[in-house]
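What follows is the residue order along each chain.
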Amino acid sequence: MSIPDHAQEDSTPILPAEDDEGYHKGLGSRQIQMIAVGGAIGTGLFLGAGSRLQAAGPSLALVYLVCGMFSFLIMRALGELVMYRPTCGSFVSYTREFLGEKAAFVAGWLSFMNWAMTGIVDITAVALYMHFWGTFAFVPQWVFALMALCVVTTLNLVGVKWFGEIEFWFSLIKIVALCLFLVVGSIILGVRMPVGGHQTGLHLIADNGGLFPHGLIASLLLVQGVVFAYSGIELIGTAAGECADVRTVLPRSINSVIWRIGLFYVLSVVLLVNLLPWTAYHGGTSPFVTFFEALGVPGVDTIMNIVVLTAALSSLNSGLYSTGRVLRAMALGGAAPAPLARMNASAVPANGILLTVAVYLVGVVLNYIVPSQVFEIVLNMAAIGIISTWAFILLCQIRLRQAVRSGRMTSSGFEMPGAPFTSWLTLAYLGSVLVLMLFDYPNGTYTIASMSIVAVLLVIGWKYLNPARPAAPHDGQEPPRMTAP
């Protein structure tokens with residue numbers, strides 16, 4: 001693959017990217033680190049692990065480990081791009097620079113589709129979690145969905161510092177809950193205390209079908225579901241554009257994610273299957289709730305419901321933050337309507353955020369019309385956007401590394417380990433996820449089939465949302481960049 005002619009190594013000073021003009025550097029070290037952790041830990045672990053344990057048994061730990069390793073490589077690929085040139089436009093800006101305007105158009109709108117669909121799921125989840133408490137049983141589901149949307153929209157419109165602060169506390173709640181389980185579970189396992197009438201230990205795995213109780217194929221098919229538990233890891237690339245000390249903060253934040261994935265995902269599952277038989281866990285119930293209830297801890301279901309409610313609000317908060325910046329980057333490149341580039345008095349891309357809110361309002365309506373089918377209607381559509389976003393990040397990193405090897409660009413100083421082999425391997429992994437989705441009938445099969453419809457919509461969109469573009473790096477201008485220290 002060829003590298004754009006503008007990518008020539010010289011002594012050009014670091015300049016702010018057009019995508020970043022008007023933003024405030026309002027995110028600090030602790031907020032960036034929590035955003036990195038929060039992006040990797042969501043409801044996929046707190047709530048989804050129950051049904052996945054039911055489907056694959058103890059091998060879920062291995063699936064989480066493999067998917068987590070590839071997620072870390074994707075974060076390292078994004079980290080290399082960010083250290084080259086931090087920007088709030090994140091992967092859309094990099095896609096425009098390295099792959100061209102059409103690719104940036106596709107990357108941006110597929111990402112928007114992902115977060116738009118995810119947001120509808122999130123506001124639906126909030127409403128369902130609120131109905132856990134009988135006090136609110138009489139309140140219609142759509143009312144809670146609308147309330148959650150209003151609160152998170154307000155937080156995103158008043159400034160990036162508010163977004164960073166609320167995301168910090170959302171992530172902290174999730175981490176504290178997991179750490180509490182890890183400490184309690186480890187102590188119980190260490191002293192061999194029985195749980196729910198079962199003696200704890202490795203024998204619970206051997207006595208219940210072993211590591212692969214349903215066979216290897218069942219575990220492989222689970223990959224296409226587990227991979228989406230890590231959706232949101234790319235958010236740190238967008239947040240880095242509003243970080244005051246990105247060179248110091250970003251590498252440490254990204255590198256710490258791999259051990260946190262190992263600790264929170266892998267070790268959690270290992271503990272769960274050694275504390276109770278994996279057959280004790282079921283879909284629709286958090287496995288952590290199942291464990292604490294077996295211990296006879298009162299009120300644990302209420303505590304865990306608060307945690308998963310927080311995780312859903314965190315995802316909704318992140319979706320509005322990300323889409324606002326992505327839409328602005330697209331508008332500045334001419335791939336989206338120009339009004340989406342406007343900022344409000346708080347240095348926030350308000351029009352992009354409000355467009356996303358308008359889509360979320362469709363979710364509120366769906367909660368009113370078909371409250372029980374909302375998840376199935378939109379969840380799988382988000383899958384296409386997640387896979388495409390990660391693929392574009394990897395392709396841009398490959399182009400950047402080619403330019404560095406040829407001497408046309410300076411190394412960012414934070415190279416993706418093992419690249420380009422690991423870059424292509426991760427792309428192959430994403431391709432295998434799509435293949436697994438294809439064989440996951442009916443939901444996955446229909447999702448892959450719908451890609452043809454999405455492709456037609458993108459072609460139509462490119463034709464009608466393709467006004468005369470402002471000057472961009474591909475027009476011969478030297479892009480701003482960050483050179484290695």
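Remember, predicted model here, so these are calculated numbers, not experimental data.

Quick notes on the rules
- One numbering rule holds for all chains: residues counted from 1, following each sequence as written.
- Only residues with pLDDT of at least 70 get local features here, since the model is predicted, and only at 80 or more are side-chain atom pairs given and counted; chain-wide, interface and lining totals rely on the full set of residues.
- As a convention, hydrogens and water are excluded, and side-chain values are obtained from all of the structure's heavy atoms.
- Working definition: helices are DSSP H or I runs of at least four residues, strands are E runs of at least two. Numbering for both runs from the N terminus.
- Between buried and exposed lies partly exposed: a residue is buried under 20% and exposed over 50% of the maximum accessible area for its type, with that area taken using a 1.4 Å probe on protein chains only.
- Every residue pair with non-hydrogen atoms within 4.5 Å of one another is taken to be in contact.
- In these tables, accessible area is a Shrake-Rupley quantity obtained with a 1.4 Å probe, and a residue counts as shielded only by the protein chains included in the view.
- Only C-alpha atoms enter the line fits that serve as axes; for helices the fit covers just the stretch in contact. Angles between N-to-C directions range over 0 to 180 degrees.
- Put simply, angles under 35 degrees are roughly parallel, angles over 145 are roughly antiparallel, angles from 65 to 115 are roughly perpendicular, and the rest are oblique.
- We call Asp, Glu, Lys and Arg charged. Ala, Val, Leu, Ile, Met, Phe, Trp, Tyr, Cys and Pro are nonpolar, and the rest, Gly among them, are polar.
- One side-chain nitrogen of Lys or Arg within 4 Å of one carboxyl oxygen of Asp or Glu is enough to make a salt bridge.
- Under the pairing criterion, centres of Phe, Tyr and Trp rings, with the six-membered ring standing for Trp, must be within 6.5 Å; the plane angle then separates stacked pairs below 30 degrees from edge-to-face pairs above 60, leaving the rest tilted.
- By definition, being over a ring means that NZ of Lys or CZ of Arg is both within 6 Å of the ring centre and within 35 degrees of the ring normal.

Engineer: Is there a simple way to think about the overall build of the protein chain in this case?
Structural biologist: Helix and strand counts for the protein chain stand at 18 helices and 0 strands. Counting the 485 residues in the protein chain, one finds 57% classified as buried. For the protein chain, the proportion of contacts with a sequence separation of at least 24, taken over those separated by at least 6, is 82%. Summed over all atoms, the accessible surface of the protein chain reaches about 18,600 Å², with 70% contributed by carbon and sulfur.

Engineer: How should the packing of helix α10 (residues 216-226) against helix α17 (residues 421-438) be read in this particular structure?
Structural biologist: Pairs of packed helices are described in terms of their axes, by the angle between the two and the distance that separates them. Running from amino to carboxyl end, α10 crosses α17 at an angle of 105°, the nearest separation of the two axes being 9 Å. The pairing of α10 with α17 is recorded here as roughly perpendicular in orientation. Mapping the contact onto sequence places Leu220, Leu221, Val223 and Gln224 in α10 and Tyr429, Val433, Leu436 and Met437 in α17. Tallied by class, residues from the contact of α10 with α17 come to 7 nonpolar, 1 polar and no charged.

Engineer: Just to check I follow, could you spell out α10 for this structure?
Structural biologist: Note that an α-helix has 3.6 residues per turn; residues three or four places apart therefore point the same way. When we look at burial in α10, the residues that qualify are Ser219, Leu222, Val223, Gln224 and Val226. In the core, the buried residues of α10 are packed alongside α3 (49-56), α4 (60-84) and α17.

Engineer: Before we go on, may I ask you to explain the pattern of salt bridges in this structure?
Structural biologist: Pairs may arise between side chains of opposite charge once their charged atoms sit close together. Counted by the stated rule, this structure contains 3 salt bridges. Here glutamate 80 ties to arginine 401 by a salt bridge, and the two come within 3.1 Å at their closest N and O atoms. Here arginine 401 lies in helix α16 (residues 374-405) and glutamate 80 lies in helix α4, a separation of 321 residues in the sequence. Accessibility assignment for this pair places glutamate 80 and arginine 401 in one class, buried. A salt bridge links arginine 96 to glutamate 101; its shortest N-O distance comes to 3.3 Å.

Engineer: Teacher, can you tell me more about helix α13 (residues 287-295) here?
Structural biologist: Those residues of α13 lying buried are Pro287, Phe288, Val289, Thr290, Phe291 and Phe292. Glycine 296, located one to two residues past α13, shows a positive phi value of around 80°.

Engineer: Looking at this structure, I do not really get unusual backbone geometry. What am I missing?
Structural biologist: Excluding glycine, a negative phi dihedral is what most residues carry, and trans is how most peptide bonds are arranged. Note the cis peptide between alanine 419 and proline 420, where omega equals 10°. The phi dihedral of alanine 347 falls on the positive side, at around 60°, and the residue is not glycine. With respect to the secondary-structure elements, alanine 347 resides in the loop between α14 (300-332) and α15 (350-369).

Engineer: Just to check I follow, could you spell out the packing of aromatic side chains for this structure?
Structural biologist: Centre-to-centre distance and the angle between the planes together describe a pair of aromatic rings. The full count for this structure, using the stated rule, is 15 aromatic pairs. Pairing tyrosine 84 with phenylalanine 98 gives two aromatic rings, centres 5.8 Å apart and planes at 50°, and the pair type is tilted. One end of the pair, tyrosine 84, is in helix α4; the other, phenylalanine 98, is in helix α5 (residues 90-99), with 14 residues separating them in the sequence. Through pairs of rings, three or more aromatic residues link up here, namely Phe105, Trp109, Phe112 and Trp462. Here the basic side chain of arginine 76 rests over the ring of phenylalanine 414, its NZ or CZ set 4.1 Å away from the ring centre.

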